[in-house]
Amino acid sequence: MPVVTLDRPDDFPGWRDRARHLAQAGVPPDEVRWRIQGEAADLLEADDAAPPPPGPPRELRASRRFMDLAELVACHRDADRFALLYRILVRLQDQPRLMEIDTDDDVFRLDRMARAVRRDIHKMTAFVRFKEVQTEDCPIYLAWFEPDHHIVDRATGFFVNRFATMRWTIITPERSVAWDGKAVTHGPGGTRADVPEEDATDEVWRTYYANIFNPARLHVDAMKREMPMKYWKNLPEARLIAPLIRSAGEKEAAMIAKAQAEAPKRAAIIVKRLEEVRERPYDPGENDPLRRLKHEAEACQLCPLYEHATQTVFGEGLPTADLVFVGEQPGDKEDLAGKPFIGPAGAMFNRALDEAGIDRRRAYVTNAVKHFKFEPRGKRRIHQKPGVGEINACRHWIEAEMQVLKPRLTIALGATAIRSLTGKTAPILSTRGQILPSLFAGPVFVTVHPSFLLRLPDEQSQKIEYGRFVADLKAARDIAAQEPERVG
């Protein structure tokens with residue numbers, strides 16, 4: 001039986017070369033044993049038994065999706081990962097569309113393992129905390145991390161790009177990686193004791209975490225899923241979690257009481273401001289209902305978001321559009337320019353519209369919330385998801401838009417749009433591609449927000465989900481074309 005020895009636990013190039021050789025030789029998957037250099041050989045195996053010579057040249061088939069997933073799965077800790085990859089490679093020669101069968105046991109397992117590796121990479125990029133150590137030349141930064149899988153090499157590029165001007169070393173139990181400002185080097189693993197317990201930046205982390213903690217949005221189970229407790233011992237801010245959770249109820253009650261006390265004063269200000277806007281003379285070009293609504297929305301103070309946003313970002317497009325697209329809220333670029341969907345997500349949206357055969361100039365694009373909600377971080381403004389109160393407050397404007405537009409079909413881009421249009425919370429995964437009834441907008445077609453595509457961890461995932469997004473837009477276009485009448 002051929003025994004293939006790979007150089008490292010994540011040796012995808014080595015697996016790829018040897019798998020190609022074995023497949024061309026026609027070696028069945030159950031007749032190959034895969035092992036890693038340094039592992040003890042099975043007592044019944046001949047150590048490093050040579051595979052048979054390849055047979056006649058044979059073109060092997062392997063989809064791009066399989067190869068991308070295989071490169072991730074090679075980093076998984078499962079001892080049978082390379083055997084699984086070879087089995088799927090052999091099956092692809094007779095079943096070229098195998099990767100499209102999500103219910104296949106091998107494909108399902110491959111996808112699940114790839115997701116586990118992606119998640120582990122994400123956790124590493126999120127939860128590494130560097131400690132400063134002074135040297136004679138310059139400070140160096142050390143960090144300790146315990147990954148679930150063999151991901152150190154795959155995650156290294158993130159840290160090189162993010163901390164390019166620092167000299168740093170990340171130590172894990174199996175492997176370490178260092179950057180000196182010019183090149184990456186690897187070394188053996190270490191222990192937690194190799195990294196200092198505390199440094200001055202720890203207090204910065206704790207101050208930051210205490211200031212961004214929102215007791216009104218506390219969900220302990222969700223927090224533990226995003227920040228598993230296994231990482232807490234390495235996070236300086238973790239010592240604040242328990243006291244912040246204990247005080248959350250009291251702080252939330254204080255926030256509610258303050259909002260209730262300020263409500264009458266805020267309502268009076270809003271009424272007065274809207275009356276002032278309505279009394280202003282309108283330009284001749286503002287006689288149409290949508291322009292009048294936009295003019296009135298400029299004075300909106302229905303929720304506190306107006307206090308920090310640059311301006312109201314109202315919808316724009318064809319007043320007689322058959323398709324109306326409703327997003328979440330304006331982003332940084334939209335807030336500054338006063339126009340919806342012109343930032344990175346807007347560029348992705350425009351490209352998808354073109355591929356779906358939809359002319360944006362003949363559609364109408366708006367957002368469920370008209371002001372930019374953000375968290376300032378230095379000179380940057382980081383997007384924050386609008387809350388239910390802000391969505392409900394802004395429903396006045398989206399409902400008024402729909403009364404004027406009366407579209408054949410409204411497309412909800414993401415969960416916030418669904419909440420605004422239907423009044424209910426609905427998971428995107430289970431409602432995507434479906435038609436939902438709305439409170440005021442007629443039929444609502446559900447799909448993802450284009451910003452979701454930008455947040456995907458790798459190019460292959462983005463390509464797959466982008467194709468699904470374009471398919472959703474085409475489906476919405478076709479549904480609208482079949483609608484006999486516009487919404488009345």
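Read on for an overview of the structure. Because the structure is a prediction, the values reported are computed rather than measured. (Residues numbered from 1 in each chain as written. Predicted model: local features only at pLDDT ≥ 70, side-chain atom pairs only at ≥ 80, totals over all residues. Heavy atoms only, no water.)

## Here's the deal with unusual backbone geometry
Thinking step 1. In this structure, F341 is a non-glycine residue whose phi angle is positive, near 55°.
Thinking step 2. Mapped onto the fold, F341 is located in the loop between helix 10 (332–337) and helix 11 (344–356).
Thinking step 3. Phi at K406 takes a positive value of approximately 45°, unusual for a residue other than glycine.
Thinking step 4. Here K406 is to be found in the loop between helix 12 (388–405) and strand 13 (409–413). (Helix = DSSP H or I, 4+ residues; strand = E, 2+ residues; numbered from the N terminus.)

## Observations regarding the sheet that holds strand 10 (residues 364–367)
Note: strands within a sheet are paired through backbone hydrogen bonds, in either parallel or antiparallel orientation.
Thinking step 1. The 6 strands lie next to each other as 8-10-9-13-15-14, forming an open sheet whose pairing is mixed. Only two strands of the sheet have a single partner each, and these edge strands are strand 8 (316–317) and strand 14 (435–437).
Thinking step 2. As paired elements, strand 8 and strand 10 share 2 bridges and run antiparallel to each other. If you follow G317 over to strand 10, its bridge partner there is Y364. (Pairing = 2+ DSSP bridges.)

## Observations regarding the nonpolar core
Thinking step 1. W15, W34, F66, Y86, F130, W168 and I170 are the most contacted members of the largest nonpolar core, which has 62 residues in total.
Thinking step 2. L305, V326, L436 and L456 belong to the second-largest nonpolar core, a separate cluster that totals 56 residues. (Core = buried A, V, L, I, M, F, W, Y, C linked by side-chain atoms within 4.5 Å. Buried < 20%, exposed > 50% of the residue type's maximum accessible area, 1.4 Å probe, protein only.)

## Considerations on the side chain of R81
Thinking step 1. Counting through the fold element by element, R81 comes out in helix 3 (residues 81–94).
Thinking step 2. Take R81: its relative accessible area is 5%, and that puts it in the buried class.
Thinking step 3. Polar side-chain contacts of R81 include one of 3.1 Å to the backbone oxygen of A74. (Polar contact = N/O pair within 3.5 Å; in protein donor to acceptor, adjacent residues only side chain to side chain.)

## Details of helix 1 (residues 12–24)
Thinking step 1. Spanning 13 residues, helix 1 covers 18 Å between terminal C-alpha atoms, matching the ideal 18 Å at 1.5 Å per step.
Thinking step 2. Regarding helix 1, the residues found buried are F12, G14, W15, A19, L22 and A23. Viewed end-on, helix 1 has its buried residues packed into an arc of 145°, placing them on one side of the element.
Thinking step 3. Looking at the packing, one finds that the buried side of helix 1 touches strand 1 (3–6), strand 2 (33–36), helix 2 (64–73) and helix 3.
Thinking step 4. Of the residues that open helix 1, the one with a side-chain oxygen 2.9 Å from the backbone nitrogen of G14 is D11.
Thinking step 5. Trailing helix 1 by a residue or two, G26 shows a phi angle of about 75°, which is positive. (Expected span 1.5 Å × (residues − 1). Arc of directions from axis to C-beta. Contact = heavy atoms within 4.5 Å.)

## Considerations on the pairing of strand 12 (residues 380–383)
Thinking step 1. Note that strand 11 (residues 374–377) and strand 12 share 4 bridges and pair antiparallel. Its bridge partner being in strand 12, F374 is matched across the sheet by H383.
Thinking step 2. Between the antiparallel neighbours strand 11 and strand 12 lie 2 residues, among them G378 with a positive phi of about 65°.

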